Number of protein chains: 2
Amino acid sequence: MPKQVDYESRRRRIAEAVCLLADEHGPEGVSMRDVAARAQVSLGAVQRCFRSKGEMLLFAVDHVGDRITERVRTRLAASPAQSAAAALGHAADEIALLREERRAEARIWLAFVAQAAVSEPLAGPLRTSYAALQNLLVRLITEATESGSADEGATPLNPEHEACTLLALADGLTTHVLIGRLTAEEAEEVLHAHLVGLWERLRSTRPRKAV
Amino acid sequence: MPKQVDYESRRRRIAEAVCLLADEHGPEGVSMRDVAARAQVSLGAVQRCFRSKGEMLLFAVDHVGDRITERVRTRLAASPAQSAAAALGHAADEIALLREERRAEARIWLAFVAQAAVSEPLAGPLRTSYAALQNLLVRLITEATESGSADEGATPLNPEHEACTLLALADGLTTHVLIGRLTAEEAEEVLHAHLVGLWERLRSTRPRKAV
DNA sequence: CCAGAAACGATACGATCGTATTGGAATAAG
DNA sequence: CTTATTCCAATACGATCGTATCGTTTCTGG
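It should be emphasised that the depicted structure is a prediction, and the values quoted were computed from it without experimental measurement. (Residues numbered from 1 in each chain as written. Chains lettered and ligands numbered in written order. Predicted model: local features only at pLDDT ≥ 70, side-chain atom pairs only at ≥ 80, totals over all residues. Heavy atoms only, no water.)

As for the overall build of chain A
Summing up its helical and strand segments, chain A has nine helices and zero strands in all. Across chain A, helices and strands are ordered from the amino to the carboxyl terminus as α-α-α-α-α-α-α-α-α. The buried share of chain A, reckoned over its 211 residues, is 51%. Across chain A, contacts joining residues at least 24 apart in sequence account for 67% of those joining residues at least 6 apart. Counting every atom, chain A has about 10300 Å² of accessible surface; 51% of that belongs to carbon and sulfur. (Helix = DSSP H or I, 4+ residues; strand = E, 2+ residues; numbered from the N terminus. Buried < 20%, exposed > 50% of the residue type's maximum accessible area, 1.4 Å probe, protein only. Contact = heavy atoms within 4.5 Å. Areas by Shrake-Rupley, 256 points an atom, 1.4 Å probe, with all protein chains shown as cover.)

Digging into the side chain of B:Arg181
Inspection of the secondary structure assignment puts B:Arg181 in the loop between helix H8 (159–178) and helix H9 (184–205). Engagement of the side chain of B:Arg181 in a polar contact is seen with the side chain of A:Gln134, the distance being 2.7 Å. Those residues within four positions of B:Arg181 in sequence are excluded, and the remaining contacts are A:Arg127, A:Tyr130, A:Ala131, A:Gln134, A:Cys164, A:Leu167, B:His176 and B:Glu186. (Polar contact = N/O pair within 3.5 Å; in protein donor to acceptor, adjacent residues only side chain to side chain.)

Details of the relation of the copies chain B and chain A
At an RMSD of 0.1 Å, chain B and chain A line up after a rotation of 180 degrees and a shift of 0.0 Å along the axis. The two molecules are tied by a two-fold rotation axis, judged by turn and shift. Interface overlap between copies: 100% of the residues of chain B at the interface are likewise at the interface in chain A, consistent with a symmetric, same-surface contact. (Least-squares fit on C-alpha atoms with pLDDT ≥ 70 in both.)

Examining the UniProt feature "DNA-binding region" (unreviewed entry) in chain A
As annotated in UniProt, the feature "DNA-binding region" (unreviewed entry) corresponds to residues 31–50 of chain A in the numbering used here. With 70% helix and 0% strand, the stretch residues 31–50 of chain A has end C-alpha atoms that lie 13 Å from each other. (UniProt positions renumbered as here; feature names shortened; annotations may be inferred.)

Points about the nonpolar core
Counting residues in hydrophobic clusters, the biggest one holds 144 residues, and the most contacted among them are A:Ile14, A:Phe112, B:Ile14 and B:Phe112. If near-sequence neighbours (up to four positions away) are discounted, B:Phe112 is found in contact with B:Val18, B:Leu57, B:Ala60, B:Val61, B:Leu122 and B:Leu126. (Core = buried A, V, L, I, M, F, W, Y, C linked by side-chain atoms within 4.5 Å.)

Concerning the interface of chain B and chain A
Each partner contributes to the interface: chain B provides 39 residues, whereas chain A provides 39 residues. Interface area for chain B against chain A, summed over the two sides, is near 3100 Å², with a carbon-plus-sulfur share of 73%. For chain B, the biggest contributors to the area lost against chain A are B:His161, B:Ile179 and B:Arg181; these three give 20% of the whole. Our count for the chain B to chain A interface comes out at zero salt bridges. Joining chain B to chain A, the criterion identifies six residue pairs in polar contact (both at pLDDT 80 or more). Within the residue set of the side of chain B that touches chain A, elements represented by two or more residues are helix H1 (7–25), helix H6 (103–116), helix H7 (120–146), H8 and H9 of chain B. (Buried area = accessible area lost by both parts, 1.4 Å probe. Salt bridge = Lys/Arg side-chain N within 4 Å of Asp/Glu carboxyl O.)

Some thoughts on helix H6 (residues 103–116) of chain A
All names here are of chain A. The end-to-end C-alpha distance of H6 is 20 Å, a good match for the 20 Å that 14 residues give at a rise of 1.5 Å each. Counting buried residues along H6, twelve of its 14 residues qualify, which places the element largely inside the surrounding structure. Residues of H6 that are buried: Arg103, Glu105, Ala106, Ile108, Trp109, Leu110, Ala111, Phe112, Val113, Ala114, Gln115 and Ala116. (Expected span 1.5 Å × (residues − 1).)

A word on the pattern of salt bridges
All names here are of chain B. If you walk through the whole model with that rule in mind, you get 24 salt bridges over all chains. Residue Arg71 pairs with Glu94 through a salt bridge whose shortest N-O separation is 3.4 Å. Here Glu94 lies in helix H5 (residues 84–96) and Arg71 lies in helix H4 (residues 53–77), a separation of 23 residues in the sequence. Residue Glu94 is classed as buried on the basis of its relative accessible area of 11%.

Structural notes on the packing of H6(A) against helix H8 (residues 159–178) of chain A
Residue and element names in this part refer to chain A. Viewed as axis vectors pointing N to C, H6 and H8 meet at an angle of 110 degrees, and their least axial separation amounts to 10 Å. When the axis of H6 is compared with that of H8, the two are roughly perpendicular. Contact residues: H6 offers Arg103, Ala106, Arg107 and Leu110, while H8 offers Thr174, Thr175, Val177 and Leu178. Classifying every residue of the contact of H6 with H8 by side-chain character gives four nonpolar, two polar and two charged. (Axes fitted to C-alpha atoms, helices over the stretch in contact; angles between N-to-C directions. Parallel < 35°, antiparallel > 145°, perpendicular 65-115°, else oblique. Nonpolar A, V, L, I, M, F, W, Y, C, P; charged D, E, K, R; others polar.)

Considering the environment of B:Trp109
Residue and element names in this part refer to chain B. In this structure, Trp109 sits in helix H6. Taking relative accessible area as the criterion, Trp109 reaches 9% and is therefore assigned buried. Separated by 45 residues in sequence, Trp109 and Val64 place their C-alpha atoms 7.6 Å apart. Once residues within four sequence positions are removed from consideration, Trp109 is found in contact with Val61, Val64, Gly65, Ile68, Leu126, Ser129 and Tyr130.

Some points on the confidence of the model for chain A
All names here are of chain A. Overall, the prediction assigns chain A a mean pLDDT of 88, with 89% of residues at 70 or greater. For chain A, per-element mean pLDDT is lowest for helix H9 (residues 184–205), which scores 90, and highest for H8, which scores 97. With pLDDT under 50 throughout, residues 148–154 is counted as low confidence; its partners more than four residues away or in other chains account for three contacts. (pLDDT = per-residue confidence, 0-100.)

Considering H4(B)
All names here are of chain B. Taking 1.5 Å as the rise per residue, H4 with 25 residues should run 36 Å; its terminal C-alpha atoms sit 36 Å apart, in good agreement. When we look at burial in H4, the residues that qualify are Met56, Leu57, Ala60, Val61, His63, Val64, Gly65, Ile68, Thr69, Arg71, Val72 and Leu76. Buried positions along H4 lie against H1, helix H2 (32–38), helix H3 (43–49), H5, H6 and H7.

Observations concerning unusual backbone geometry
Backbone geometry at A:Leu97 places phi at a positive 50 degrees, although glycine is not the residue there. Within the secondary structure, A:Leu97 sits in the loop between helix H5 (84–96) and H6.

Below, the structure is given as structure tokens:
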């Protein structure tokens, strides 16, 4: 048989180029030609990797989602001995993409989210990524709640609810930073204040037990 | 002098068309021709109203921002006698654009926000709209805090902070509803749970005084 | 009524888009 | 070495975009 190329790595390379361009010119502002140029391959090569532009974007959004999710997981695995509170804080930080070095990823994410709001096929992978993050947060919150005593009754602090709140707040803050309404520092402050509040509510349902 | 037309009303009519299209096909998916067709005017008429497409989008985003802000204000003015808690809840509801009938506006807003993240001229009007909403929320929270006693010291619950949190949470929830990750009902529940928490913290800084 | 200014609709233009096609270079099997 | 097949780069194509231009129509002030 003739020539063989590693499509998987080329696809990733192209996805990176899509991200770079989406970061600079917005979602619809990425053209196949520009992507090819950025990825240092020909337009034909891009077309061989992906049947259409839509397929390419789909792959790219999955790529970004995986990267973010995995980074959160890595960060958590790196500090398993610390308190649940610290772990939650780190997770939230990684999700919110507030720091300067994550600005590009934040813009890409927002671009895809906006597109997904009017394009169901794009929304699927996005939901999957969010579900992974939510699971992770629920696990952390549940651990923090259970670490020490059994349930208390009345208002046991629904972990799914809290995870939703945290996820939505992180997303909203990211957005506000992107449009220059908040600085990264202000947003971080707001996020951490919310986490402190969550932590206090956690303790109130289970009065004993420190870090 | 020759023919005269009411440019202001025509501009508004065109802005409405922009909104309808942005709702259907996303931000960059609106073309001058489609806008003209929707607004039932000729392409030339649109060009006479706005020097360029960018100018048209700028006007449209202002239009939407004004509409949302004014609706919040109207809603508040309609129930001035009620408790501050109820007022805050209503304001949050209007801002979050969760209900089905606000879905279109939510999509438009998200479209512009995503665009603004990579286009500074669009970000300006957006920040202005957000600032108006934030002012409003700060006012409500401050009123609620002060209604009964003076300051307390230690942790007096920073109204600006809380307004930021509320605004970001509302935005994040809206987004999640748009991509189908949450139903409007779930999002509303999360939002109201947060408001309840805020209200309880309010009371804790100032133990006396009921509704 | 009647000029003249403003608005209009239509159409032209150049650029850029996603996609299809195609002729040749590269490579593994026989 | 030949041959068949896979890949590639270039180019062609049709559509659509934002914008510019240009007669024509329409209305107002004198």
